[in-house]
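Fold and contact review
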Amino acid sequence: LTDTLTHRLCSCQVLLTPEDAVLSDELNHASIIDGIRLCKAQKYRYRHLDLDDLENKLKQAQSQRLRVIVTDGVFSMDGDVAPLRGLCDLAERYAALVFIDECHATGFLGERGRGTDELLGVMNRVHIINSTLGKALGGAAGGYTVGPKPLIDLLRQRSRPYLFSNTLPPPVVGCASKALDLLMASNQIAQSMAAKTKRFRSGMAQAGFTISGADHPICPVMLGDARLASQIAEDMLKRGIYVVGFSFPVVPRGKARIRVQISAAHSDDDIDRCVDAFRDVGRLHGVVP
């Protein structure tokens, strides 16, 4: 498909019927939520990363024909990772399928950049994976779904967004294909991302900032106040560093942040310069000592 967001929408609509149940993390991406709203299954929302609450919802859904647990592998606004091992344990215990969205993991998480399931050692336990060609793989567009062949055949035959959309532009396919070749040939890129992420997160913590998430290249600098986040982002741009402030309704009230995204293209000097700029601007606004 030309649009990753559409993949999330069509997968839920095609797969699930009124006899089924879908169980969704409360902080799933908006497009996942929209796809779930449009499907006819019974809907259960469990607390963010809360396996106990998920288990309670699975128990409630035992009368349904099919149960599908849907989660982001990595949550894009917070940089935290879904507890896939425990989630897969529950899925096996309660006869559910696991559907993960890997748009913020494909290409850099795991030893060879295969994503959250590789990172957490559950590659053979996840049933359906949705991801993108437009982020770490560099294609700027396009998405895909992988899973059991009968499911993919069903999507090809019944997914209206797939049937009635144009094919991907050849340059996008060529770019993504080359990116996958590079990842398969060596783990150097994926490993460099881990080192660069650690360097940035450690430097920011030493400077006195609070960074949400754990060891992920999405590094939310938590500030709380929406106006403050906007002002700091503007002052960072004056220093030649482009970062974006996020506030309500994208994130909850009182949890405004600046989301920094580390790239394999960043050098150590780039990262150190960014940390120094954050420190200077943070002091200017009284955020850090």
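In what follows, the structure referred to is the one given above.
Here goes a summary of the coordinates provided. (Residues numbered from 1 in each chain as written. Predicted model: local features only at pLDDT ≥ 70, side-chain atom pairs only at ≥ 80, totals over all residues. Heavy atoms only, no water.)

Some remarks on the overall build of the protein chain
Regarding its fold elements, the protein chain presents 11 helices and 11 strands. Projected onto its principal axes, the C-alpha coordinates of the protein chain cover approximately 60 × 40 × 35 Å. Taking all contacts inside the protein chain whose residues are at least 6 apart in sequence as the whole, residues at least 24 apart take part in 66%. Total accessible area computed for the protein chain in this model is approximately 14200 Å², and 51% of it derives from carbon and sulfur atoms. One way to put it: in the protein chain the 35 positive side-chain charges average out to a point 3 Å from where the 32 negative ones average out. (Helix = DSSP H or I, 4+ residues; strand = E, 2+ residues; numbered from the N terminus. Contact = heavy atoms within 4.5 Å. Areas by Shrake-Rupley, 256 points an atom, 1.4 Å probe, with all protein chains shown as cover. Lys, Arg positive; Asp, Glu negative; His and termini not counted. Charge placed at Lys NZ, Arg CZ, Asp CG, Glu CD.)

Some remarks on the packing of aromatic side chains
Aromatic ring pairs are reported here in terms of the distance separating the ring centres and the angle at which the planes meet. Applying the stated criterion across every chain yields a total of 1 aromatic pair. Between Phe209 and Phe278, the aromatic rings sit 5.7 Å apart at their centres with planes inclined by 70°, giving edge-to-face as the arrangement. Of this pair, Phe209 sits in the loop between helix H9 (188-207) and strand S9 (218-224) while Phe278 sits in helix H11 (residues 268-284), and the two are 69 residues apart along the sequence. Summarising the burial analysis for this pair, Phe209 and Phe278 share the class buried. (Phe/Tyr/Trp six-rings, centres within 6.5 Å; stacked < 30°, edge-to-face > 60°. Buried < 20%, exposed > 50% of the residue type's maximum accessible area, 1.4 Å probe, protein only.)

Some remarks on the sheet that holds strand S6 (residues 97-101)
Pairing in this open sheet of 6 strands is mixed, and the strands run S2-S1-S3-S6-S7-S8 from one edge to the other. A strand with exactly one partner marks an edge of an open sheet, and here the two such strands are strand S2 (42-46) and strand S8 (143-146). Averaged over all neighbouring strand pairs, the angle between strand axes comes to 15°, with direction disregarded. For strand S1 (residues 21-25) and S2, the ladder comprises 5 bridges, and the chain directions are parallel. Its bridge partner being in S2, Ser24 is matched across the sheet by Arg45. (Pairing = 2+ DSSP bridges. Axes fitted to C-alpha atoms, helices over the stretch in contact; angles between N-to-C directions.)

Quick look at the packing of H9 against H11
Interaxial distance between H9 and H11 falls to 10 Å at its minimum, and their mutual angle equals 20°. The pairing of H9 with H11 is recorded here as roughly parallel in orientation. Along this stretch, H9 crosses H11, giving a crossing that reads as right-handed. On the side of H9, the interface is formed by Lys196, Arg199, Phe200, Gly203, Met204 and Ala207, while H11 contributes Asp268, Ile271, Asp272, Cys274, Val275, Phe278 and Arg279. Per-class residue counts for the contact of H9 with H11 are 7 nonpolar, 1 polar and 5 charged. (Parallel < 35°, antiparallel > 145°, perpendicular 65-115°, else oblique. Left-handed = near helix turned anticlockwise from the far one by under 90°. Nonpolar A, V, L, I, M, F, W, Y, C, P; charged D, E, K, R; others polar.)

Focus on the side chain of Asp78
The topology assignment puts Asp78 in the loop between strand S4 (74-75) and strand S5 (80-81). In contact with Asp78, not counting residues within four places along its chain, are Leu27, Ser212, Gly213, Pro220 and Arg257.

Some remarks on the pattern of salt bridges
This model, assessed by the stated rule, comprises 15 salt bridges. The shortest N-O distance in the salt bridge between Asp53 and Arg47 comes to 3.8 Å. Judged by relative accessible area, which is 6%, Asp53 ranks as buried. A relative accessible area of 46% places Arg47 in the partly exposed class. Of the charged contacts in the structure, one is a salt bridge between Arg257 and Asp78, with a shortest N-O distance of 3.0 Å. You can see Arg257 sitting in strand S11 (residues 256-261) and its partner Asp78 sitting in the loop between S4 and S5, a full 179 residues away along the chain. In terms of burial, Arg257 and Asp78 fall into one category: buried. When salt bridges with common partners are traced through the structure, they connect Arg47, Asp50, Asp53 and Lys57 into a single cluster. (Salt bridge = Lys/Arg side-chain N within 4 Å of Asp/Glu carboxyl O.)

Digging into the sheet that holds strand S10 (residues 244-246)
Strand order in the open sheet made by the 3 strands is S9-S11-S10, with antiparallel pairing throughout. Taken across any chain shown, the strands that pair with only one partner, and hence form the sheet edges, are S9 and S10. Strand-to-strand twist across the sheet, computed as the mean angle between neighbouring axes with direction ignored, equals 30°. Bridge count between S10 and S11: 3 bridges; the pairing is antiparallel. Residue pairing for S11: Gly245 is matched across the bridge by Ile258. Across the sheet, H9 is in contact with S9 and S11; its angle to S9 comes to roughly 20°. The strands touched by helix H10 (residues 226-238) are S9, S10 and S11; relative to S11, the strand with the most contacts, the crossing angle is about 35°.

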